[in-house]
Amino acid sequence: MSSWNGSEATLKRRGFLRRGVLAAAGFMAGTGRAVARARPAVAIVGGGFAGSACALHLRQLNPGIDVSLIDPVERYATCPMSNEVIAGERGIASITLSRAGLRRAGVTVIGERVTAIDAQRRRLRLEAGSAITFDRLVVAPGIRFLWNRIEGYDEAAAQKMPHAWKAGQQTMLLAAQLQHMNDGGVVAISVPSGLMRCPPGPYERASLIAHYLRRHKPRSKVLILDANNSFPKQAQFTEAWNSLYPGMIEWVPVLEDGAVVRVDSATMTLYTAANTHRVAVANVIAPQAPGELAPATGLSSEHGWCPIVPESFESTKMPGIHVIGDACIADAMPKSASAAVSQSRQCAIAVAAMLSGRPTPEPVLDSICYSMLAPEQALAFPGHFELQEGKIIAAPRTAAAATPAQISLAAQRWYVQIRSDAFAA
C-alpha cells in the first residue's frame, strides 16, 4: 500500500504495551523513525503456531537475520489438546505456553497489535503509534469468527454458548458448564459449513465430552447439529462412538435439519429450519474467516481467505508479504497446527533464500493431525502434499498400521514435539 492515509485500518480491541527490544527490528523507540541497519530484518505478525514456528525456523536457518515476532498475547493457549482440558483430562496450564523459548532463540518479541501495513514502504504501524520497518514480512493472522451469521450468535452470546474454538478463557468456560450441568442434560455441538480451523475437531470434542459424561453424568447425551453432510473419517468415528459410547452421541447432518440458523442464549435454545432444541450446554462453533488484519490490509481475496504463491507462501495480493497458517489458501492442506508449522518451515526457507538472492527450493509439505476418541484411544490424519500445476495437492503415502492405543501415544509425543518446533518449549 502506498501511504498511511490510504492503507491504515485500526483494528478493534485494546492492545498491550510493547515488550521486547524494538531497536533490534530497526526502530527508534517512540519516534516511528527507522534507523540504519546492517542486517536484513523480517517481521512476523501473529504468534500462533504458524508465526512462532516461522520465527524460530528463520533464526535456525540464518542467525544473521533480525527476526521480530509481533503479537499482543504473551501467553498462548494451544487449540491442540484443548478438548482434553474441556473433558477434564488435563489442566489449562498444560496447554499454555510463554514466549521465553523464542526469546532464548534470539527472536525479538514485541507485545503489541499491528494496525496497518505499508507494503510499498515496507513498514508496519503499531497500535501505540510506532512504526517498524522490514525487508520481508510474514503475516499469520489466524481466524476470526463471523458473528451473527447464525442469528443471535455474537460475542455476548458466546459467553453463554461458548465456541471454545480459540483456546483459553472459552475452553475453561465450556469445561465449567459441563461440570455444573445436571445429569440427564443434552450437550449440543453446532458445526458450521465452509472452511474452518481443524475440521475433525468437533467430532473429537464430541468423543471426549461423551467420555466425561459416561463417567460423571451417564444419563446425558451429546447432540451434534451439523451444517455439513459428512465429516473427516466419519466411518471410524461412528464405529468408535458405537463401541465406546453406545446411544450417547447423535449426529444430525444438514440434510436431516442439522444446520443451526438461530440461537437464543438466554434460554439455551438452538433453532434449525424445522426444529427447536433447548439444551443444558451449547457449544456453538461460529463460521470462520481470516483474522481481522487480513481484510483490513487487503491480504484477503473477495472469497475471504488469503491467496498465496505455494512455493514461498508470498501473497498474490501484496508482493513481498507472505501469509501462512489458517488464513492462507493452501489448497489441499488442512487448517491445522501441523500444517501451519509445515508451511512456516517452507516460508522460512523461501524468505531466507530471497534475502540472500538464492532461488526458492521446491516445497516439502506435510501434516499429521490427531483426534482423541478417549484418553487412551485416537485417530490419525496424516497428509503429504506436493506442488502440481501451481496447486498444492494431496500426494498418496502409505501409513503404518497402528491401533487406537498406539495412535494415542503417538499423539502425546507429537504434541510435545510441535510445542518445541513452534515455541522452543
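It should be noted that the structure appears before, not after, this text.
Residues numbered from 1 in each chain as written. Predicted model: local features only at pLDDT ≥ 70, side-chain atom pairs only at ≥ 80, totals over all residues. Heavy atoms only, no water.

### Notes on the sheet that holds strand β25 (residues 377–388)
Here is step 1 of the chain: Across the sheet, which stays open at both edges, the 3 strands sit in the order β24-β25-β26 with antiparallel pairing between neighbours. Looking at strand neighbours, the two that pair on one side only are β24 (365–374) and β26 (391–394), the edges of this open sheet. The sheet shows a mean angle of 30° between the axes of neighbouring strands, taken without regard to direction.
Here is step 2 of the chain: Taken together, the 4 bridges between β25 and β26 define a ladder with antiparallel strand orientation. (Pairing = 2+ DSSP bridges. Helix = DSSP H or I, 4+ residues; strand = E, 2+ residues; numbered from the N terminus. Axes fitted to C-alpha atoms, helices over the stretch in contact; angles between N-to-C directions.)

### A short note on helix α9 (residues 337–355)
Here is step 1 of the chain: If you check α9, its first and last C-alpha atoms are 27 Å apart, about what 19 residues at 1.5 Å a residue would give, namely 27 Å.
Here is step 2 of the chain: In terms of burial, α9 is a largely internal element, 15 of the 19 residues being buried.
Here is step 3 of the chain: Remark: G357 follows α9 within two positions and exhibits a positive phi of approximately 80°. (Expected span 1.5 Å × (residues − 1). Buried < 20%, exposed > 50% of the residue type's maximum accessible area, 1.4 Å probe, protein only.)

### Description of the sheet that holds strand β15 (residues 249–252)
Here is step 1 of the chain: With respect to topology, 4 strands assemble into an open sheet ordered β15-β14-β13-β19, the strand pairing being parallel. In this open sheet, the two strands that pair with only one neighbour each are β15 and β19 (281–284). Ignoring which end each strand starts from, the neighbouring axes of this sheet average 15° apart.
Here is step 2 of the chain: Summarising the sheet, strand β13 (residues 186–191) and strand β14 (residues 221–226) pair through 6 bridges and their orientation is parallel. By the bridge assignment for β14, V187 is matched with V222.

### Topic: the packing of α9 against helix α10 (residues 404–423)
Here is step 1 of the chain: Interhelical geometry of α9 versus α10 gives an angle of 35° and a closest axis separation of 11 Å. Like other packed secondary-structure pairs, α9 and α10 cross with a definite hand, here left-handed. Together, A337, S338, V341 and R345 of α9 and W414, I418, D421 and A422 of α10 make up the contact between the two elements.
Here is step 2 of the chain: Its residues placed into classes, the contact of α9 with α10 shows 5 nonpolar, 1 polar and 2 charged. (Left-handed = near helix turned anticlockwise from the far one by under 90°. Contact = heavy atoms within 4.5 Å. Nonpolar A, V, L, I, M, F, W, Y, C, P; charged D, E, K, R; others polar.)

### Section: helix α2 (residues 49–61)
Here is step 1 of the chain: Taking 1.5 Å per residue, 13 residues should reach 18 Å; α2 reaches 18 Å between its end C-alpha atoms and fits that length.
Here is step 2 of the chain: Within α2, 11 of the 13 residues are buried, leaving the element largely enclosed by the surrounding structure.
Here is step 3 of the chain: All buried positions along α2 are accounted for by F49, A50, G51, S52, A53, C54, A55, L56, H57, L58 and R59.

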